[in-house]
Structure formats: C-alpha cells, structure tokens
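Breakdown of the fold
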Amino acid sequence: MASQDDQDRDVDPRTTAAVAAAEAAGPASGENVRIDSWIWAVRLVKTRSLGATACRGGHVRVNGERVKPAYSVRVGDEVRLRHEGRERIVVVKRLIRKRVGAPIAVQCYVDNSPPPPPREAVAPIGIRDRGTGRPTKRDRRELERLRDLGGPGGFGGGPAGHPKER
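Here we summarise the structure given alongside this text. Sequence order as written defines the numbering, with residues in each chain counted from 1. This being a predicted model, a pLDDT of at least 70 is required before a residue's local features are given, and a value of 80 or more before pairs of side-chain atoms are given or counted; all residues contribute to the totals for chains, interfaces and linings. In computing side-chain properties, one takes all heavy atoms of the structure into account and sets aside hydrogens as well as water.

1. With respect to the overall build of the protein
- What counts as a helix is a DSSP run of H or I of at least four residues, what counts as a strand is a run of E of at least two, and both are numbered from the N terminus. In terms of regular secondary structure, the protein is built from six helices and seven strands.
- Mapped in sequence order, the helices and strands of the protein form the string α-α-β-α-α-β-β-β-β-β-α-β-α.
- Classification of residues uses two cut-offs on accessible area relative to the type maximum, computed with a 1.4 Å probe and protein chains only: under 20% is buried, over 50% is exposed, and between them is partly exposed. Here the protein holds 166 residues, and the buried ones make up 23% of them.
- Any two residues whose heavy atoms approach within 4.5 Å at even a single point are treated as in contact. Here the analysis covers contacts within the protein between residues at least 6 apart in sequence; of these, 46% occur between residues at least 24 apart.
- When the accessible surface of the protein is summed, it comes to about 12100 Å², and 52% of that surface belongs to carbon and sulfur atoms. Residue exposure ignores everything except the shown protein chains as possible cover, and the areas themselves are Shrake-Rupley values with a 1.4 Å probe.

Written as structure tokens, this is what we have:
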C-alpha cells in the first residue's frame, strides 16, 4: 500500500495549483454567481459583456427558462447557450466567479452539447486565385449568386438588394 508521501509525489504540482485556483475562484459560502459571469468564467463566451448581451437577447436559458444576466445560477442547473451558430448544453457542476484556465473550466460543467457540424473542405466563397486579374461581369454575377446562397450578409436578389431601388 502506498504511503501518503508516495501519493504526494505522484500528484503534478501544476494540477495542485490549478485545483487551488479553481477553489479560490469559487464564491464564498452563501454568495451567488451571476449567469453572465459564470458562462464567461467557464469559457463558453469570450467576454462577460458578450455573456450579458446573450442573456438580454434570449440566447441563454437555464432549466428551459430565458434568464437575465443577473440570474443566480446553482449547481445542477442546465444551461443552454446559443452562440456563434451553435447551441451549447451544459450542466453546472461547480460555481466559479473568476475566469480560470481551460482544463479547470471544463471540470466545472458537464457538456451535453451535440457535436459541432463538420467543417466543409470547400474553398471559401469569393476567393479568387492570385494573378487571375479582374473578374469579368459573368464572374462577378456568379460570385454574387454564390454569396446569396451562402446565407445572411450576401447581396440581395430583389429590389431591396440594390440601393437605387429602395
């Protein structure tokens, strides 16, 4: 049977420091953690203001309910976040208030999200080979047609798409 000294030597000091950082990032007993702060701390969004904006826009749901940024999240809550064209579904395992490293952040939730859609191996729309010169009128029209099929942000095909016809 291994002694306590053997077990202490087997533990990576970085892991010990990371666990200590996660404990320090947690709220004191009796304190609440805001949902916008929590989704930022566990690295589901880049900034806290993006988290607050997502809450205000109705893109964050806790246990099926739309929530405001100041909603107090609890352990066991299911958080659904629609962000960057993808839905993330996580269950809260640990409350933290400060942003921590990615390996520690992953330990604070259980990820039940569907897998991300596969990246297409197609060249991006509208990229032309270097040295091919200016696009012809036909080339330009094909590019516009492709951009329209690509989704929002393309040129409109109707009267609203042309500035003179608005």
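That covers the picture; the talk isn't over yet.
2. A look at helix H4 (residues 48-56)
- Within H4 the residues assigned to the buried category are Gly 51, Ala 52, Ala 54 and Cys 55. Relative to the axis of H4, the buried residues are bounded by an arc of 160° and lie together on one face.
- Contacts made by the buried residues of H4 are with helix H3 (35-41), strand S2 (60-62) and strand S5 (78-83).
- Gly 58 sits one or two positions beyond H4 and adopts a positive phi of about 80°. When we speak of the arc, we mean the arc of directions from the helix axis to the C-beta atoms.

3. Notes on the nonpolar core
- Counting residues in hydrophobic clusters, the biggest one holds 25 residues, and the most contacted among them are Ile 35, Trp 38, Ile 39, Val 60 and Val 79.
- Looking at this core, the element that brings in the most residues is H3, giving four residues.
- The residues touching Trp 38, leaving out its near neighbours within four places in the chain, are Val 33, Leu 44, Val 73, Val 79, Val 90, Val 92, Arg 94, Leu 95, Ile 96, Cys 108 and Tyr 109. We define the nonpolar core as a collection of buried residues of types Ala, Val, Leu, Ile, Met, Phe, Trp, Tyr and Cys that are connected through side-chain atoms lying within 4.5 Å of one another.

4. Regarding the sheet that holds S2
- Ordered by their spatial adjacency, five strands build an open sheet running S3-S2-S5-S6-S7, and the pairing between neighbours is antiparallel. The sheet is open, and its two edges are formed by strand S3 (65-66) and strand S7 (109-111), each paired on a single side.
- Across six bridges, the pairing between S5 and strand S6 (residues 86-92) is antiparallel. Residue pairing for S6: His 83 is matched across the bridge by Arg 86. Think of it this way: DSSP has to see at least two bridges between two strands before they count as a pair.

5. Here's the deal with unusual backbone geometry
- Phi at Asn 63 is positive, roughly 55°, even though this residue is not glycine.
- As for its placement among the helices and strands, Asn 63 is situated in the loop between S2 and S3.
- Taking the relative accessible area as the measure of exposure, Asn 63 reaches 43% and is therefore partly exposed.
- The phi dihedral of Glu 84 is positive, around 55°, even though this residue is not glycine.
- Structurally, Glu 84 can be placed in the loop between S5 and S6.
- Classification of Glu 84 by relative accessible area gives exposed; the value is 70%.

6. A short note on the side chain of Asp 77
- Tracing the backbone through its elements, the reader meets Asp 77 in the loop between strand S4 (72-73) and S5.
- In summary, the charge assignment counts Lys and Arg as positive and Asp and Glu as negative, without counting His or the chain termini. Each reported salt bridge corresponds to a side-chain nitrogen of Lys or Arg within 4 Å of a carboxyl oxygen of Asp or Glu. Of the buried charged residues, Asp 77 lacks a salt bridge, with Arg 74 as the closest side chain of opposite charge at 4.5 Å.
- Asp 77 has contacts with Val 62, Asn 63, Tyr 71, Val 90, Val 91 and Val 92, leaving out every residue within four places of it along the chain.

7. Looking at the pattern of salt bridges
- All chains considered together, the criterion is met by seven salt bridges.
- Salt-bridge contacts for Arg 80 lead to Glu 87; the nearest nitrogen and oxygen are separated by 3.4 Å.
- Exposure remark for Glu 87: the relative accessible area of 33% places this residue in the partly exposed category.

The values are spatial; any link to function lies outside them.
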